[in-house]
Amino acid sequence: QVQLVESGGGLVQPGGSLRLSCAASGSFFSVNTMAWYRQTPGAQRDLVARITSGGSTNYADSVKGRFTISRDNAKNTVYLQMNSLKPEDTALYYCNAHIRTSIVTTRNSWGQGTQVTVSS
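Residues numbered from 1 in each chain as written. Predicted model: local features only at pLDDT ≥ 70, side-chain atom pairs only at ≥ 80, totals over all residues. Heavy atoms only, no water.

Asks: Describe the packing of aromatic side chains, listing the residues and the values that go with them.
Replies: Enumeration according to the criterion identifies one aromatic pair in this entry. In this arrangement the basic side chain of Arg 45 is found over the ring face of Tyr 94, its NZ or CZ atom lying 3.6 Å from the centre. Note that Arg 45 overlies the ring of Trp 110, its terminal NZ or CZ placed 4.7 Å from the centroid. (Phe/Tyr/Trp six-rings, centres within 6.5 Å; stacked < 30°, edge-to-face > 60°. Lys NZ or Arg CZ within 6 Å of the ring centre and 35° of its normal.)

Asks: Describe the layout of surface pockets, listing the residues and the values that go with them.
Replies: Of the volumes computed, that of the largest pocket is approximately 180 Å³. Forming the walls of the largest pocket are Gln 1, Val 2, Gln 3, Leu 4, Val 5, Arg 107, Ser 109, Trp 110, Gly 111 and Gln 112. Only β1 (2–7) and β10 (106–110) provide two or more residues apiece to the lining of the largest pocket. Examining the composition of the lining of the largest pocket, we find that four residues originate from one element, β1, more than from any other. Its residues placed into classes, the lining of the largest pocket shows four nonpolar, five polar and one charged. (1 Å grid on protein atoms, 1.4 Å probe; cavity = no way out; pocket = protein on both sides within 12 Å on 5 of 7 lines; lining within 4 Å. Points joined across faces, edges and corners; volume = space filled by probe spheres on them. Helix = DSSP H or I, 4+ residues; strand = E, 2+ residues; numbered from the N terminus. Nonpolar A, V, L, I, M, F, W, Y, C, P; charged D, E, K, R; others polar.)

Asks: Just give me the short version of unusual backbone geometry, but keep the residues and values in it.
Replies: At Asn 76, a residue that is not glycine, the phi angle is positive and equals roughly 50 degrees. By the element assignment, Asn 76 lies in the loop between β7 (67–72) and β8 (77–82). For Ser 84, which is not glycine, the phi dihedral falls at a positive 50 degrees. Since its relative accessible area comes to 41%, Ser 84 is described here as partly exposed. (Buried < 20%, exposed > 50% of the residue type's maximum accessible area, 1.4 Å probe, protein only.)

Asks: Outline the pairing of β1, supporting the account with residue identities and numerical values.
Replies: Sheet faces and side chains relate simply in a regular strand, where the side chains alternate between the two faces. Where burial is concerned, the two faces of β1 differ: the one with Val 2, Leu 4 and Glu 6 is buried and the one with Gln 3, Val 5 and Ser 7 is not. Sheet topology places β1 next to strand β3 (residues 18–26); six bridges connect them, and they run antiparallel. In the sheet register, Glu 6 faces β3, and the bridge partner there is Cys 22. (Pairing = 2+ DSSP bridges.)

Asks: Before we move on, could you go through the side chain of Thr 77 and cite the residues and values that matter?
Replies: Structurally, Thr 77 is set in strand β8. A polar contact is formed between the side chain of Thr 77 and the backbone oxygen of Lys 75, at a distance of 2.9 Å. In contact with Thr 77, not counting residues within four places along its chain, are Cys 22, Ala 23, Met 34, Ser 70, Arg 71 and Asp 72. (Polar contact = N/O pair within 3.5 Å; in protein donor to acceptor, adjacent residues only side chain to side chain. Contact = heavy atoms within 4.5 Å.)

Shown next as structure tokens:
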């Protein structure tokens, strides 16, 4: 099995920073595109940032200039550096990855989510 485990969430004041991490573990050949999504109660899960295996990135308009996605391919880990956090950034953040689990199969995997709360 393949698992994605997020960490780094927590409570932070407006204007503060957090760095989320997501590590892929288990049996697989490679990790392709990785991404961060977020979801609030009653809302759909929305893309926050995405990074390809080659390092190309894209961001939701709401986080451009404040968040930075990066990855460490040697560690099969993706990061989300979140600066200048706002209360509206409060959400459950999910890691997503397309993982090649065999020579012929690729799995779309999700983590369990890590809570980010921005509040005074």
